[in-house]
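Each chain, written out:
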Amino acid sequence: MRPPSVDALARSLSDLGLPHPLLVDAARLAIAAGDPGSARGRAGILAATLLRPVINATGILLHTNLGRAPAGPFPTPSAARYANVELDLATGGRGSRDRHAAGLLARAAGAEAAIAVNNGAAAILLVLTALGAGREVVVSRGELVEIGGGFRIPEVMASSGASMVEVGTTNRTRLDDYRRALGDRTAACLKVHPSNYRIVGFTEEVTVQELAELGPPVIADLGSGLLDASTPWLGGPQRWLAGEPAVRQTLAEGAALVTFSGDKLLGGPQAGIIAGRADLVARCARHPLARALRPGGLILLHLQHTALAYLRGEAAGLPLWAMATRTVASLRSRAAALGAGGVVDLAGAFGGGSQPGRELPSAGVALAGDHAAALRAWDPPIVARVSGGATLLDLRTVDPSDDEVVGKALASCSPGLPALPV
Ligand SMILES: *Cc1c(COP(=O)(O)O)cnc(C)c1O
């Protein structure tokens, strides 16, 4: 029997909803492998590579593989529209891309000025380049961190053109170490928050406040971007956020600039923010690299929505904070209402380089056996953990409006399976 033509085979897969050229790719691969029947499976694998909203049942609030902070419902135009990204609507003249989203974030954080770039790594790269290229930046050996994805402070420093002057030791760095390193070529002192590790034991580090007294501008790479340590949007300071550096307080302690991510504890879209002294923010904004690192209008719209929520005192309603503050009791009763699997107490986490090593008490459902692949194949895909022979779904990171679809998926995974005793 002659093998089917590529085109005919591709057409037979049209119900999968993929564009024809992608179906042709799947058909061609299947025929080349001598197994035309595999075309449907191959097309399915292609479809699974498409970017789409998923349900995060891992209990990790800032899951890097799932885009970190959950994307909230935010205003989308009902028709094809443009945005005043760089148009001043009052004058009709050229406006600034940093006016709306970043300006509002500066206001919310008590900073003189701010700009937004593509991500936290871009923010620190731009600051080091604009302020430090051809000069020296002083940093403690205890803070030469590597964040995920190959972001290493010494390498970012090297690509910025600033000379890194390391001071102190891994576990102990004193003010005198910084002081001795200062000279004519010093552009700044850099403090980097050790987001994903802790140095414990015989340790000593210098505060931003002490560093600020030395003279050169202090740049603080905060990473997680908690806007205000007193979390007024949650009704006051939260014990579970203790130790997390915050934008407002770090600036008040004397940092000239802070950098942080938009999609960690800010709860917004992927972005990097540079906030602080107006003259230094302006130098960053004027640098040619800023043009290469700028975010687009969609991101700015989402970031502005986030900033406005903080300014209105309504940030508790941002999906990240709504999820973070759910009580374990409410999660347990949602888990029981799903009607599948057994209700279990779980330990979630912040993730995304915030609160390393700290667990977030949580609750959800346990199902005997490994159903992770079946849940990922659900529409929308559900990402769960497998541990100790059971599939665990943590409801903290699941929006309650998704409970129904999660319940259906669980029921289909576990026809008649007994609840797992934990
Ligand atoms: C996360 C983090 C970064 C990188 O930010 P991205 O938004 O991931 O680019 C830089 N520095 C610190 C301290 C971080 O925690």
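Residues numbered from 1 in each chain as written. Predicted model: local features only at pLDDT ≥ 70, side-chain atom pairs only at ≥ 80, totals over all residues. Heavy atoms only, no water.

### Focus on the overall build of the chain
Each helix and strand in the chain was counted, giving 16 helices and 16 strands. With respect to the principal axes defined by its C-alpha atoms, the chain has extents near 80 × 50 × 45 Å. Of all 422 residues assigned to the chain, the portion counted as buried reaches 47%. In the chain, of all internal contacts separated by at least 6 residues, the share reaching a separation of at least 24 is 71%. (Helix = DSSP H or I, 4+ residues; strand = E, 2+ residues; numbered from the N terminus. Buried < 20%, exposed > 50% of the residue type's maximum accessible area, 1.4 Å probe, protein only. Contact = heavy atoms within 4.5 Å.)

### Digging into the pairing of strand β16 (residues 390-394)
For β16, a buried count of 5 out of 5 residues is recorded, marking the element as mostly surrounded by other parts of the structure. Burial of the side chains of β16 extends over both faces: A390, L392 and D394 are buried on one face and T391 and L393 on the other. Of the strand pairs in this sheet, strand β15 (residues 385-387) and β16 are connected by 3 bridges, and their pairing is antiparallel. In the strand pairing of β16, R385 is matched with L392. What sits between the antiparallel neighbours β15 and β16 is a turn of 2 residues, in which G388 has the positive phi angle 55°. (Pairing = 2+ DSSP bridges.)

### A word on the site of the ligand
Looking at the ligand, the residues that line it are R68, N119, G120, A121, I147, F151, H193, S195, D221, G223, S261 and K264. Within the backbone of G120, an N or O atom sits 2.8 Å from an oxygen atom of the ligand. Here an oxygen atom of the ligand and a side-chain polar atom of K264 are 2.8 Å apart. When isolated, the ligand has an accessible area of 380 Å², and the protein chains bury 93% of it. (Near = heavy atom within 4 Å. Polar contact = N/O pair within 3.5 Å; in protein donor to acceptor, adjacent residues only side chain to side chain. Areas by Shrake-Rupley, 256 points an atom, 1.4 Å probe, with all protein chains shown as cover.)

### Here's the deal with the pairing of strand β4 (residues 136-140)
Taken across its 5 residues, β4 has 5 buried, putting it largely inside the fold. Side-chain alternation along β4 places E136, V138 and S140 on one buried face and V137 and V139 on a second face that is also buried.

### Things to note about the domain arrangement of the chain
According to the domain assignment, the chain consists of domain 1 (55-70 + 322-413) and domain 2 (101-313). Placing the centre of domain 1 and that of domain 2 at their C-alpha centroids yields a distance of 32 Å. In this assembly, 13 residues from domain 1 lie in contact with 18 residues from domain 2. Between domain 1 and domain 2 lies a buried interface of about 1300 Å² when both sides are counted; carbon and sulfur atoms form 55% of it. Where domain 1 meets domain 2, there are 1 salt bridge. Here R68 makes a salt bridge to D263, at a shortest N to O gap of 3.1 Å. The tally of links from domain 1 across to domain 2 stands at 2 residue pairs in polar contact (both at pLDDT 80 or more). Here the side of domain 1 that touches domain 2 takes 4 residues from strand β13 (residues 354-368), the largest share from any one element. (Domains from an automatic or database assignment. Buried area = accessible area lost by both parts, 1.4 Å probe. Salt bridge = Lys/Arg side-chain N within 4 Å of Asp/Glu carboxyl O.)

### A closer look at the nonpolar core
Counting residues in hydrophobic clusters, the biggest one holds 56 residues, and the most contacted among them are L227, V258, F260, Y310 and W321. Lining this core are residues from two domains, each supplying at least three of them: domain 1 (55-70 + 322-413) and domain 2 (101-313). In this view, W321 contacts L226, W233, L234, W240, L241, L265, L266, Y310, A315 and A316; residues no more than four positions away in its chain are not counted. With 32 residues, the next largest nonpolar core counts V137, V145, L190 and V192 among its residues. (Core = buried A, V, L, I, M, F, W, Y, C linked by side-chain atoms within 4.5 Å.)

### Brief notes about the sheet that holds strand β10 (residues 257-261)
Spatial strand order, β3-β11-β10-β9-β8-β4-β7: 7 strands in an open sheet with mixed pairing. Each edge of the sheet is formed by a strand with only one pairing partner; in this case those strands are β3 (113-117) and β7 (163-167). Here the strands of the sheet are splayed against their neighbours by 25° on average, with no regard to which way each runs. Relative to strand β11 (residues 272-276), β10 runs antiparallel, the two being bridged by 5 bridges. The residue bridging V258 from the neighbouring strand is A275, located in β11. Taken strand by strand, helix α6 (residues 153-160) contacts β4, β7, β8 (186-192) and β9 (218-223), and its axis lies near 155° from that of β8. (Axes fitted to C-alpha atoms, helices over the stretch in contact; angles between N-to-C directions.)

### Description of the packing of helix α5 (residues 120-132) against helix α10 (residues 278-286)
For any two helices packed against each other, one specifies the crossing angle of their axes together with the interaxial distance. Their axes nearest at 9 Å, the elements α5 and α10 cross at an angle of 100°. Compared by their axis directions, α5 and α10 come out roughly perpendicular. When α5 is examined against α10, the residues L126, V127, A130 and L131 are found in contact with a partner set consisting of L280, R283 and C284. Here the residues of the contact of α5 with α10 sort into 6 nonpolar, no polar and 1 charged. (Parallel < 35°, antiparallel > 145°, perpendicular 65-115°, else oblique. Nonpolar A, V, L, I, M, F, W, Y, C, P; charged D, E, K, R; others polar.)

### A few points about the pattern of salt bridges
With the rule as written, the count across this model stands at 23 salt bridges. Among the charged side chains, a salt-bridge network with shared partners connects E86, R94, R97 and R294.

### Details of helix α14 (residues 328-338)
An α-helical segment advances 3.6 residues per turn. Residues three or four places apart therefore align on the same side. Along α14, the positions that sit buried rather than exposed are L331, R334, A335 and L338. Burial along α14 is one-sided: seen end-on, the buried residues are contained in an arc of 100°. Where α14 ends, the next residue or the one after it, G339, has phi of about 70°, a positive value. (Arc of directions from axis to C-beta.)

### Overview of the state of the cysteines
In this structure the tally under the stated criterion is 0 disulfides. Just so you know, C189 is unpaired, no disulfide at all, and the nearest cysteine sulfur is the one on C284, 16 Å from it. (Disulfide = S-S within 2.5 Å.)

### Section: the side chain of S160
In this structure, S160 sits in helix α6. Residue class for S160 comes out buried when judged on its relative accessible area of 4%. Those residues in contact with S160 that lie beyond four places of it in its chain are L125, L128, T129 and A133.

### Observations regarding the packing of aromatic side chains
What the rule picks out here adds up to 4 aromatic pairs. Measuring from ring centre to ring centre gives 4.8 Å for W233 and Y310, while their planes differ by 90°; the resulting arrangement is edge-to-face. Placement of W233 in the loop between β9 and α9 (247-252) and of Y310 in helix α12 (residues 297-311) is noted, with a sequence separation of 77 residues between them. Residue class for W233 comes out buried when judged on its relative accessible area of 10%. (Phe/Tyr/Trp six-rings, centres within 6.5 Å; stacked < 30°, edge-to-face > 60°.)

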